[in-house]
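Residue-level listing of the chains:
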Amino acid sequence: MTTPRFVFLLVSAVLFSAIWGCAAYDRVAVTKFEPIRTEPGAQVFRFTAYADMAYPLKSEEAERIRIDWLETWLSDNGYNPKKYEIISRVPVLRNKGLLSDVYDVFYEVRVVR
C-alpha cells in the first residue's frame, strides 16, 4: 500500500470514528427520555433532543440520528426499538444563534409493551 493511500485510509477511519463517537456521546449528554403516562398495552414517553448547526432541524440525516438516539433509549429500557409510534414532534426555539438557531425537539412516543 502506498503511503498517500495509507494516510488517506487512516485519516478517513479517524474522522469516521470521531463523528460516530460524537453522536453516541451526544445521545446521553443532550437528550432526555421520560415516561409521561401509561395506556392499555402501551407506555407513552417524552423524548427530547436538540437541533443546532451540528444536527440541523430540517436535515434528514440529523433527524435519522435523533431517531437512532430514540431507538437506543427504547432498547436500553427493554422495549422493542421497532414497535413505537411518534404521536407528535414539536420543535421549540431555545436560542437564536449567530450561526444557527438552537431548538429543543419534543417527541411524544407510544411504545407497545
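Figured I'd write up the structure that's included with this text. Values in this document were obtained by computation on a predicted structure and should not be read as measured data. (Residues numbered from 1 in each chain as written. Predicted model: local features only at pLDDT ≥ 70, side-chain atom pairs only at ≥ 80, totals over all residues. Heavy atoms only, no water.)

## Observations concerning the overall build of the chain
In terms of regular secondary structure, the chain is built from two helices and four strands. When the helices and strands of the chain are placed in sequence order, the string is α-β-β-α-β-β. Out of the 113 residues in the chain, the part that is buried amounts to 29%. Partitioning the contacts of the chain with sequence separation of at least 6, the portion at a separation of at least 24 is 52%. Accessible surface for the chain amounts to roughly 7,600 Å². Of this, 61% is attributable to carbon and sulfur atoms. (Helix = DSSP H or I, 4+ residues; strand = E, 2+ residues; numbered from the N terminus. Buried < 20%, exposed > 50% of the residue type's maximum accessible area, 1.4 Å probe, protein only. Contact = heavy atoms within 4.5 Å. Areas by Shrake-Rupley, 256 points an atom, 1.4 Å probe, with all protein chains shown as cover.)

## Observations concerning helix α2 (residues 60-76)
Look at α2: 24 Å from first C-alpha to last across 17 residues, which is about the 24 Å you get at 1.5 Å a residue. At the N-terminal boundary of α2, the capping side chain belongs to serine 59, with an oxygen 3.3 Å from the backbone nitrogen of glutamate 61. Residue glycine 78 follows α2 closely and has a positive phi angle near 85 degrees. (Expected span 1.5 Å × (residues − 1). Polar contact = N/O pair within 3.5 Å; in protein donor to acceptor, adjacent residues only side chain to side chain.)

## Topic: the packing of aromatic side chains
Applying the stated criterion to the full structure yields seven aromatic pairs. On the basis of an interplanar angle of 15 degrees and a centroid distance of 4.3 Å, the ring pair of phenylalanine 33 and phenylalanine 45 is categorised as stacked. Highlighted residues: phenylalanine 33 in strand β1 (residues 32-39) and phenylalanine 45 in strand β2 (residues 42-51), separated in sequence by twelve residues. For phenylalanine 33, a relative accessible area of 16% puts it in the buried group. Phenylalanine 45 sits in the buried class, given a relative accessible area of 6%. An aromatic cluster is present here, built from Phe33, Phe45, Trp73 and Tyr79 joined pairwise through their rings. (Phe/Tyr/Trp six-rings, centres within 6.5 Å; stacked < 30°, edge-to-face > 60°.)

## Considerations on the pattern of salt bridges
With the rule as written, the count across this model stands at twelve salt bridges. Across the pair arginine 37 and glutamate 39 runs a salt bridge, and its minimum N-O distance is 3.1 Å. The partner of arginine 37 in a salt bridge is glutamate 108, with the nearest N and O atoms 2.8 Å apart. With a gap of 71 residues between them, arginine 37 in strand β1 and glutamate 108 in strand β4 (residues 102-112) connect regions that are remote in the sequence. Look at the salt bridges and you will find they share partners, linking Arg37, Glu39, Glu85, Glu108 and Arg110 into a network. (Salt bridge = Lys/Arg side-chain N within 4 Å of Asp/Glu carboxyl O.)

## Comments concerning the pairing of β4
In the sheet, β2 pairs with β4 via ten bridges, with the strands oriented antiparallel. Counterpart to alanine 49 in the pairing with β4 is valine 105. Alignment of strand β3 (residues 84-95) against β4, held across ten bridges, turns out to be antiparallel. Note that in β4 the partner of glutamate 85 across the bridge is arginine 110. The turn joining β3 and β4, which pair antiparallel and follow one another in sequence, is formed by six residues. (Pairing = 2+ DSSP bridges.)

## Things to note about the nonpolar core
One finds Phe33, Phe47, Trp69 and Tyr107 to be the most contacted residues of the largest nonpolar core, which totals 20 residues. Listed by contribution, the elements that provide at least two residues to this core are β2, α2 and β4. If one sorts the elements of this core by residue count, α2 sits on top with seven residues. Residues in contact with phenylalanine 33, not counting those within four places in the same chain, are Phe45, Arg46, Phe47, Leu70, Trp73, Leu74 and Asn77. (Core = buried A, V, L, I, M, F, W, Y, C linked by side-chain atoms within 4.5 Å.)

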